[in-house]
Amino acid sequence: SIYVLQSLYYLYDTLSSHDHTGKITKCWNHPDSTKLLCEEVDVGDGNGAIRTIASGIRDYYSAEEMVGKLVVVLCNLKERAIAGFKSQVELELCA
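In what follows, the accompanying structure is described. (Residues numbered from 1 in each chain as written. Predicted model: local features only at pLDDT ≥ 70, side-chain atom pairs only at ≥ 80, totals over all residues. Heavy atoms only, no water.)

Counting its secondary structure elements, the protein contains two helices and seven strands. Beginning at the N terminus, the succession of helices and strands in the protein can be written as α-β-β-β-α-β-β-β-β. Taking all 95 residues of the protein together, the buried fraction comes to 28%. Long-range contacts, defined here as pairs at least 24 residues apart, represent 48% of the contacts in the protein between residues at least 6 apart. For the protein, the computed accessible surface area is about 6300 Å², with 54% contributed by carbon and sulfur atoms. (Helix = DSSP H or I, 4+ residues; strand = E, 2+ residues; numbered from the N terminus. Buried < 20%, exposed > 50% of the residue type's maximum accessible area, 1.4 Å probe, protein only. Contact = heavy atoms within 4.5 Å. Areas by Shrake-Rupley, 256 points an atom, 1.4 Å probe, with all protein chains shown as cover.)

Below, the discussion takes up the side chain of Glu 39. Structurally, the position occupied by Glu 39 is in strand S2 (residues 37–42). Comment: no salt bridge for buried Glu 39; closest opposite-charge side chain is Arg 58, at 9.9 Å. In terms of polar contacts, Glu 39 uses its side chain to reach the side chain of Ser 55, at 2.7 Å. When neighbours within four sequence positions are excluded, Glu 39 is seen to be in contact with Ile 24, Lys 26, Cys 27, Arg 51, Thr 52, Ile 53, Ala 54, Ser 55 and Ile 57. (Lys, Arg positive; Asp, Glu negative; His and termini not counted. Salt bridge = Lys/Arg side-chain N within 4 Å of Asp/Glu carboxyl O. Polar contact = N/O pair within 3.5 Å; in protein donor to acceptor, adjacent residues only side chain to side chain.)

Another point: the pairing of strand S3 (residues 50–55). Most of S3 sits inside the fold, with five of its six residues counted as buried. Pairing analysis gives six bridges linking S2 to S3, with the strands arranged antiparallel. Across the sheet, residue Glu 40 finds its bridge partner in S3, namely Thr 52. (Pairing = 2+ DSSP bridges.)

This paragraph deals with the packing of aromatic side chains. Under the defined criterion, the tally for this structure stands at zero aromatic pairs. Directly above the ring of Trp 28 sits Lys 26, whose terminal nitrogen or CZ lies 5.2 Å from the centroid. (Phe/Tyr/Trp six-rings, centres within 6.5 Å; stacked < 30°, edge-to-face > 60°. Lys NZ or Arg CZ within 6 Å of the ring centre and 35° of its normal.)

Time to look at the environment of Val 67. Inspection of the secondary structure assignment puts Val 67 in the loop between helix H2 (63–66) and strand S4 (70–74). Each C-alpha atom, one on Val 67 and one on Lys 26, is 5.7 Å from the other, the two residues being 41 residues apart in sequence. The contacts of Val 67, once residues within four sequence positions are left out, are Ile 24, Thr 25, Lys 26 and Cys 27.

The next subject is the environment of Arg 58. Structurally, the position occupied by Arg 58 is in the loop between S3 and H2. Owing to a relative accessible area of 25%, Arg 58 belongs among the partly exposed residues under this scheme. Once the C-alpha coordinates of Arg 58 and Leu 37 are considered, the two residues, 21 residues apart in sequence, prove to be 5.7 Å apart. Those residues within four positions of Arg 58 in sequence are excluded, and the remaining contacts are Asn 29, His 30, Ser 33, Thr 34, Lys 35, Leu 36 and Leu 37.

Take a look at the structure:
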């Protein structure tokens, strides 16, 4: 069934993910959402690339607390707009 195929694709996509450790270099409150923080993350991929991310953790962390945090992010996801903000990676874990 289509449900099985979608589940298998999701499992394959998750298992073939590209996890990277990064450091949040800049963080601010999303201007149009009470739940989102916007971050810039240096994923250390050798190109000096900074990735942007919108994460729904504003209830738990302030923007100031997030700057300098080490995070694990998924980097092989399609870029998408979250509340109008371009999110290039997905936050998995922060320490």
